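The chain contents come next:
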Number of protein chains: 2
Amino acid sequence: MKSKVVITIARQFGSGGREIGEKLAEKLEIPFYDKSLIHLAAQESGIDEDLFHFADEKSFHGFWAASASNAGIYGNRIPMFNELPMNDQLFLIQSKIIRKLAESDSCVIVGRCADYILRDDPHTIPVFIHSDEEDRLNRIIHIYGIAEKDARDVMIKTDKRRAAYYNYYSGGKWGRADNYDLSVNSGSVGIDGAVDLIIKLVELKSAL
Amino acid sequence: MKSKVVITIARQFGSGGREIGEKLAEKLEIPFYDKSLIHLAAQESGIDEDLFHFADEKSFHGFWAASASNAGIYGNRIPMFNELPMNDQLFLIQSKIIRKLAESDSCVIVGRCADYILRDDPHTIPVFIHSDEEDRLNRIIHIYGIAEKDARDVMIKTDKRRAAYYNYYSGGKWGRADNYDLSVNSGSVGIDGAVDLIIKLVELKSAL
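Residues numbered from 1 in each chain as written. Chains lettered and ligands numbered in written order. Predicted model: local features only at pLDDT ≥ 70, side-chain atom pairs only at ≥ 80, totals over all residues. Heavy atoms only, no water.

### Some details on the pairing of strand β1 (residues 6-11) of chain B
Both faces of the sheet carry side chains from a regular strand, because those side chains alternate between them.
All names here are of chain B.
Okay, so step 1: Across the six residues of β1, six count as buried, placing the element largely inside the fold.
Okay, so step 2: Examined bridge by bridge, β1 and strand β5 (residues 107-110) share four bridges and lie parallel to one another. Among the inter-strand pairings, Ile9 is bridged to a residue of β5, identified as Val110.
Okay, so step 3: Strand direction decides the pairing type here: β1 and strand β6 (residues 124-130), joined by six bridges, are parallel. Its bridge partner lying in β6, Val6 is registered against Thr124. (Buried < 20%, exposed > 50% of the residue type's maximum accessible area, 1.4 Å probe, protein only. Helix = DSSP H or I, 4+ residues; strand = E, 2+ residues; numbered from the N terminus. Pairing = 2+ DSSP bridges.)

### Thoughts on the relation of the copies chain A and chain B
Okay, so step 1: With an RMSD of 0.0 Å, the operation that places chain A on chain B is a rotation of 180° combined with a shift of 0.0 Å along the axis. A rotation of that kind, with that shift, is consistent with a two-fold axis. (Least-squares fit on C-alpha atoms with pLDDT ≥ 70 in both.)

### Quick look at the packing of aromatic side chains
Each aromatic ring pair is specified by the distance between its two centres and by the angle formed by the two planes.
Residues and elements named next belong to chain B.
Okay, so step 1: Using the criterion set out here, one finds 14 aromatic pairs over all chains in the structure.
Okay, so step 2: Between Phe91 and Tyr165, the ring centres sit 6.0 Å apart and the planes meet at 75°, which makes this aromatic pair edge-to-face. You can see Phe91 sitting in helix α6 (residues 86-104) and its partner Tyr165 sitting in helix α9 (residues 148-170), a full 74 residues away along the chain.
Okay, so step 3: For Phe91, a relative accessible area of 10% translates into the label buried.
Okay, so step 4: Judged by relative accessible area, Tyr165 falls into the buried class, the value being 4%.
Okay, so step 5: With a centroid separation of 5.4 Å and an interplanar angle of 85°, the aromatic rings of Phe128 and Trp174 are classed as edge-to-face. Of the two residues, Phe128 is situated in strand β6 and Trp174 in the loop between α9 and β7 (182-185); the sequence distance between them amounts to 46 residues.
Okay, so step 6: Of the residues examined, Phe128 reaches a relative accessible area of 1% and is grouped as buried. (Phe/Tyr/Trp six-rings, centres within 6.5 Å; stacked < 30°, edge-to-face > 60°.)

### Looking at the interface of chain A and chain B
Okay, so step 1: If you look at the interface, chain A gives 23 residues, while chain B gives 23 residues.
Okay, so step 2: Of the roughly 1900 Å² buried between chain A and chain B on both sides combined, carbon and sulfur atoms contribute 61%.
Okay, so step 3: On inspection of chain A and its partner chain B, the count reaches zero salt bridges.
Okay, so step 4: At the surface where chain A touches chain B, the tally comes to 15 residue pairs in polar contact (both at pLDDT 80 or more). (Contact = heavy atoms within 4.5 Å. Buried area = accessible area lost by both parts, 1.4 Å probe. Salt bridge = Lys/Arg side-chain N within 4 Å of Asp/Glu carboxyl O. Polar contact = N/O pair within 3.5 Å; in protein donor to acceptor, adjacent residues only side chain to side chain.)

### Re the confidence of the model for chain A
Residues and elements named next belong to chain A.
Okay, so step 1: Within chain A, residue pLDDT values average 86, and 84% of them lie at 70 or more.
Okay, so step 2: The spread of mean pLDDT over the elements of chain A runs between helix α5 (residues 71-74), the lowest at 46, and strand β7 (residues 182-185), the highest at 98.
Okay, so step 3: Here residues 68-76 scores under 50 on pLDDT; set against residues more than four positions off or in separate chains, the count is six contacts.
Okay, so step 4: For this predicted complex, the interface confidence reaches an ipTM of 0.86, while the overall pTM sits at 0.87. (pLDDT = per-residue confidence, 0-100.)

### Focus on the sheet that holds strand β6 (residues 124-130) of chain A
Okay, so step 1: With respect to topology, 10 strands assemble into an open sheet ordered β2(A)-β5(A)-β1(A)-β6(A)-β7(A)-β7(B)-β6(B)-β1(B)-β5(B)-β2(B), the strand pairing being mixed. The sheet is open, and its two borders are formed by β2 (32-33) of chain A together with β2 (32-33) of chain B, each paired with just one other strand.
Okay, so step 2: One ladder, built from two bridges, connects β2 of chain A with strand β5 (residues 107-110) of chain A; its direction is parallel. Note that in β5 of chain A the partner of Tyr33 of chain A across the bridge is Ile109 of chain A.
Okay, so step 3: Set on the sheet, helix α1 (residues 17-28) of chain B makes contact with β1, β2, β5 and β6 of chain B; between it and β1 of chain B the angle comes to about 165°. (Axes fitted to C-alpha atoms, helices over the stretch in contact; angles between N-to-C directions.)

### A few points about the packing of α1 of chain B against helix α10 (residues 186-207) of chain B
All names here are of chain B.
Okay, so step 1: Running from amino to carboxyl end, α1 crosses α10 at an angle of 30°, the nearest separation of the two axes being 9 Å. Taken together, the axes of α1 and α10 lie roughly parallel to each other. Crossing handedness for the pair α1 and α10: right-handed. Across the interface between the two elements, Glu19, Ile20, Lys23, Leu24, Lys27 and Leu28 from α1 touch Ser186, Ile191, Asp192, Ala194, Val195, Asp196, Ile198 and Ile199 from α10. (Parallel < 35°, antiparallel > 145°, perpendicular 65-115°, else oblique. Left-handed = near helix turned anticlockwise from the far one by under 90°.)

### Brief notes about the nonpolar core
Okay, so step 1: Within the largest apolar cluster, 65 residues are counted, with the highest numbers of intra-cluster contacts made by Phe52 and Ile109 of chain A together with Phe52 and Ile109 of chain B.
Okay, so step 2: Apart from the residues lying within four places of it in its own chain, the contact partners of Phe52 of chain B are Ile38, Ala41, Ala42, Ser45, Ile47, Leu90, Ile93 and Gln94 of chain B. (Core = buried A, V, L, I, M, F, W, Y, C linked by side-chain atoms within 4.5 Å.)

### Describing the side chain of Ser183 of chain B
Okay, so step 1: Assignment of secondary structure puts Ser183 of chain B in strand β7.
Okay, so step 2: Under the relative-accessibility criterion, Ser183 of chain B is labelled buried at 0%.
Okay, so step 3: Every residue in contact with Ser183 of chain B, bar those within four places of it in the chain, is listed here: Ala177, Asp181, Leu182 and Ser183 of chain A together with Phe128, His130 and Ala177 of chain B.

### Focus on the pattern of salt bridges
Residue and element names in this part refer to chain A.
Okay, so step 1: Throughout the structure, instances matching the rule amount to 24 salt bridges over all chains.
Okay, so step 2: Close ionic contact of Lys149 with Asp150 constitutes a salt bridge, the shortest N to O distance being 3.2 Å.
Okay, so step 3: Under the relative-accessibility criterion, Lys149 is labelled exposed at 70%.
Okay, so step 4: Overall, Asp150 belongs to the partly exposed group, its relative accessible area being 30%.
Okay, so step 5: We note a salt bridge from Arg176 to Asp178, for which the minimum N-O separation is 2.6 Å.
Okay, so step 6: For Asp178, a relative accessible area of 29% corresponds to the partly exposed category.
Okay, so step 7: Look at the salt bridges and you will find they share partners, linking Glu44, Lys96 and Lys100 into a network.

The structure is reproduced here in C-alpha cells:
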C-alpha cells in the first residue's frame, strides 16, 4: 500500500459484505476488523465482553428491547453506565477504538457506524454493499445456514436493527447512496467483482 | 463493445452525472441520451416538444404546481390527455422511447427514471452519481453559471423535484443505494475516476 487507507464497509444482511471486507483486506495486506472490535473494546474498557456482544449494533431501543426480554440479567430497568445508557457508553468506547485503529494504520472495518465515526478522517473510504433479495436469501440459507422458513424474517429484522443503530448514532439514513464513496450490488457483479471495484477506487484515490 | 449494455445514470444536481454519462458514452463508443429523449418523444407522439420540456422530470405535483403558476397556458385545471393527467401520459410515451432505444442497441441514458423503466432488462446497469455539497455548489456556480446566492436553493429544489418524479413513478426511493448496481461519489474520485469505475463494472459484468 502506497498510502494509508481505511475502508469502512456497511452492508445489508446477506450481501456478503463481511466476505468482501475479508478478501479486500487480504489482497491489500492490511488488517480486518468486524466482531473482533468487540474484543478490543472489552479489553480497553475492562467491561465484560458479553455485554458488548449483547449491545452489538443495537440502538437504544434495540438494546432496551433485548434487555427487557432478558430481565433476568438487567431487571426491569435500562442498564446505565457512567450516567449514560449502557449502549451509548459502549458506542463511545467502540468509537474510541475505531478512531485509534484508523489513526495507526490502514485497515478494513465492517459495520459499527465506522463510516460515520471516521467521517472527518481524509484517509477513510466509506463503502456500502447491498444485493437483491434472492441473492441475499440464497446466501443466508446456504452459507449462513439459517433455516429457509426463518431466512426472510431474519434478513428484514437484522437490516432494521442495523438501520436503527446507524440512524440513531449518525443522525443520518443507513443505505442512502450519498453516505458512501462507493455502493456496490454484490449480486450483480459477484463477491470478487465487488472487491475489484473497491480496489479500483483505492487506486484511483491514491493517484489523485 | 463485446455485448449490449445499457447504462442508466441517475444523479444529484451538480454531481456531474451528465458529464460522466457523456464521457462514458464517448469511451464506449455508444449513443448518449438525456434531454434529447424529449425530442424523440415529441417526434414519436406528435405532441408539442415544449410540453415535454415543461413536464420534464416533474411528477404529478411538480407538473401541477408549474401548470398552476403558468395558468395562462393551461387555465385553472390539470391538463389531461387520453383520460390520463398529461404528465403521466408523457411519462408513458418517454418510457416507450427508452425501452425502444434499450432494445435496439447499447447506450447511456441520463435521468428520466430509466433504471426503473428498464428494471427487467438484463442488459441494464443502473448507476447513481452523487457528491458532497461543497463540490456540487462549486460545479453549479462555476460550470453551470448559476448565481452564488441562488445555487443552494436551486440544488435542493432540483433534487427534490427529481426525487418526487422518481418516487412517484417507481414507487421506490430515489438515491437509495439498493436501487442501483453502482453508486459513486464523484467528489471523492473525480469525473474521470467515476467514468473509470463504471467502465470497470461494465468489464466485470461482461466477463461474468
